[in-house]
Amino acid sequence: MNQTSRREFLMFSGRLAVLGLGAAAAGRLLSGCAALDTIAQSGITIPVAGYNINTASIASSVKAVSKTFEDITPEQEYYIGRTIGAQILNKYRPYNRIAAKRYINVMGQTLAQASDRPETFGGYHFMIQDSDEINALAAPGGLIFITRGMLRCCPNEDAVAAVLAHEIGHVQHQHGLQAIKKSRLTEALTTLAVEGTKTFGNEQLAGLTRAFEDSITDITSTLINSGYSRAFENTADVTAVDILQRVGYNPNGLMDMLQQMGRQLKPGRLDFAKTHPDPKTRIEQITPLIGPYRPVKVIKNRQNRLEAALKGV
Amino acid sequence: MNRPNCFQFRWRLLLILAVALLAAQAVGSQTMSVQVKSGQVRKSPTFLGPVIANFAYGDRVQILTQQGAWYQVVLPSGNGQGWMHMSALTEKKIVLKAGAKDVSQAASSDELALAGKGFNQQVENEYRTRNPNLDFSQIDQMEALTVSQAEIQAFIQDGRLTAQGGAQ
């Protein structure tokens, strides 16, 4: 009796296991079909289970899995960011005084570490650019640029930190990637989906590079020409205040910088005046967060190192 | 007398199976992938904590607990624990050398990410040949500049900053 029951039980478990495996395999097959959806429209021939199938013949009304900027991996964001950085460098050349470069990078890194996104694929890196224009820009993934003109708007270290923290805010919230039109991502993904080998074939590489070029254009036209939306700028300011407070800077540094900028910006110039909301508007929006303006208390060590590092800037 | 024994045996076996299944699921859900070039492991759950180890891109990391935005993880050596910020980790499995199957799976699901696919070095190289006016050497130099944890600590102290760290 005991023996029989055990055998029965083992057979029963065996059937269950077979059933489970079958279900899992069916699931796999189904997900495999879903994958075909994305490549069906491109009409290429792919080997499936030993047969060559032309995907165009599969279906014309298939749904591609919806992809947004959130599906861009940090690694891909990194490559987009490098190229955006190279584009920004095309606009302003680097200012390579070692002390200034080091100072901006240590400060920037301290702020980035305190943000909600301290780690990006390639990390945060900061560069001063040799221009009198008042500007600061962030490329996706954490390459951040600040002009000499902008640094001159910063009467204290807290104000410099405010500019960098604002740019870190854009990186954290991936504002750059959100400028990419959805069609580019679909194109990149479709190309990617038909590609299975280690390196891309000529056709795929051309397709991906086209999607890449278009994505870069989407970002640069927003970043350099039209600017982000007011909502994004406000988010970056709010994030900056948060980061400044976490590190121990006075968020009124942001106010100092905005006031100074308000005095120096010339309407019609191709810098911050073009791509950012009016400093007055920004001040009005930050005030409820940090209360009425209170001057930044000058801390001797902080002021001395600022003046030493940015001497001549 | 035989019947209850057989009954107990079945239940014990089922229980063992259930426990094994649950344990496997628990381990599965407590593993994450490193989604950055170098995933820093800190001694404490704060950005002020010294870095005690690094994971490589795509490494699977065993998660022990979570505190705010920080995960307590098993060190790469397998001995001891440290803390990683959630921005360095993803729940997706990162496939380092993707084959055709992985590519189609990644296109249709949110569970896989492919390393080195999509916009990658090859695409950048192609873009560079089409845009020879762009200077990537300055970007490489920019990336080469690194800041140590000790420098950050000194910068905070010298500047009389009052960074609290903490798990945010």
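Above this text is the structure in question.
Residues numbered from 1 in each chain as written. Chains lettered and ligands numbered in written order. Predicted model: local features only at pLDDT ≥ 70, side-chain atom pairs only at ≥ 80, totals over all residues.

(A) Structural detail: the overall build of chain B. On a plain count of helices and strands, chain B comes out with 5 helices and 9 strands. Each helix (α) and strand (β) of chain B, taken in turn from the N terminus, gives the series α-β-β-β-β-β-β-β-β-α-β-α-α-α. Residues classed as buried in chain B amount to 27% of the 168 residues present. (Helix = DSSP H or I, 4+ residues; strand = E, 2+ residues; numbered from the N terminus. Buried ≥ 20, exposed ≤ 12 C-beta atoms within 10 Å, placed from the backbone.)

(B) Examining the sheet that holds strand β3 (residues 125–129) of chain A more closely. Residue and element names in this part refer to chain A. Pairing is mixed in the open sheet, where 3 strands are placed in the order β3-β5-β4. With partners counted over all chains shown, the strands left at the sheet margins are β3 and β4 (136–139), one partner each. Adjacent strand axes in the sheet meet at a mean angle of 15 degrees when their direction is disregarded. Bridging between β4 and strand β5 (residues 143–147) involves 4 bridges; their strand directions are antiparallel. Residue pairing for β5: Ala-139 is matched across the bridge by Leu-143. With respect to the sheet, helix α2 (residues 74–91) is in contact with β4 and β5, its orientation differing from that of β4 by roughly 150 degrees. (Pairing = 2+ DSSP bridges. Axes fitted to C-alpha atoms, helices over the stretch in contact; angles between N-to-C directions. Contact = placed C-beta atoms within 7 Å.)

(C) Broad picture of the pairing of β5(A). Residues and elements named next belong to chain A. Burial analysis of β5 places 5 of its 5 residues in the buried class, the great majority of the element. Residue alternation in β5 divides its side chains into two sets, Leu-143, Phe-145 and Thr-147 and Ile-144 and Ile-146, and both sets are buried. In this antiparallel pair of consecutive strands, β4 and β5, the connection spans 3 residues, and Gly-141 shows a positive phi of 90 degrees.

(D) How the structure looks around the packing of helix α9 (residues 252–264) of chain A against helix α11 (residues 279–290) of chain A. All names here are of chain A. Running from amino to carboxyl end, α9 crosses α11 at an angle of 165 degrees, the nearest separation of the two axes being 10 Å. Taken together, the axes of α9 and α11 are roughly antiparallel relative to one another. Regarding α9 and α11, the two cross each other, and that crossing is left-handed. For the pair α9 and α11, contact is made by Asn-252, Leu-254, Met-255, Leu-258, Gln-259, Met-261 and Gly-262 and by Pro-279, Lys-280, Arg-282, Ile-283, Ile-286 and Ile-290, respectively. Residues that form the contact of α9 with α11 fall into these classes: 8 nonpolar, 3 polar and 2 charged. (Parallel < 35°, antiparallel > 145°, perpendicular 65-115°, else oblique. Left-handed = near helix turned anticlockwise from the far one by under 90°. Nonpolar A, V, L, I, M, F, W, Y, C, P; charged D, E, K, R; others polar.)

(E) A look at α11(A). All names here are of chain A. In a regular helix each residue adds 1.5 Å, so 12 residues correspond to 16 Å; α11 covers 16 Å between its end C-alpha atoms and thus fits that length. Buried within α11 are the following residues: Pro-279, Arg-282 and Ile-286. One side of α11 carries all its buried residues, which in axial view fall inside an arc of 60 degrees. Of the residues in α11, the exposed ones pointing more than 90 degrees away from the buried face are Lys-280, Glu-284, Thr-287 and Pro-288. Each element contacted by the buried residues of α11 is listed here: α8 (230–247) and α9. The positive-phi residue at the C-terminal boundary of α11 is Gly-291, with phi of around 85 degrees. (Expected span 1.5 Å × (residues − 1). Arc of directions from axis to C-beta.)

(F) Local environment of unusual backbone geometry. Despite not being glycine, A:Gln174 shows a phi value in the positive range, around 55 degrees. Summarising the element assignment, A:Gln174 is placed in the loop between α5 (157–172) and α6 (182–193). A positive phi angle, near 55 degrees, is found at B:Arg160, a position not held by glycine. With respect to the helices and strands, B:Arg160 occurs in the segment after α5 (149–158). Of the residues examined, B:Arg160 has 11 C-beta atoms within 10 Å and is grouped as exposed.

(G) Main features of helix α3 (residues 98–113) of chain A. Over its 16 residues, α3(A) runs 22 Å from end to end, which matches the ideal 22 Å to within 8%, given 1.5 Å per residue. Along α3(A), the residues that are buried comprise A:Tyr103, A:Ile104, A:Asn105, A:Val106, A:Met107, A:Gly108, A:Gln109, A:Thr110, A:Leu111, A:Ala112 and A:Gln113. The inward-facing, buried residues of α3(A) contact β3, β5, α5, α8 and α12 (300–309) of chain A together with α5 of chain B.

(H) Structural context of the packing of α5(A) against α9(A). All names here are of chain A. Relative to each other, α5 and α9 sit at 90 degrees, their axes nearing to 7 Å. Here α5 lies roughly perpendicular to α9, going by the angle between them. For the pair formed by α5 and α9, the contact residues are Asp-158, Ala-159, Ala-161, Ala-162 and Val-163 on the first element and Gly-253, Leu-254, Asp-256 and Met-257 on the second.

(I) How the structure looks around the environment of A:Leu306. All names here are of chain A. With respect to the secondary-structure elements, Leu-306 resides in helix α12. Sequence spacing of Leu-306 and Asp-158 is 148 residues, and the spatial spacing of their C-alpha atoms is 9.9 Å. Ignoring sequence-local partners within four residues, the contact set of Leu-306 consists of Asn-156, Glu-157 and Val-160.

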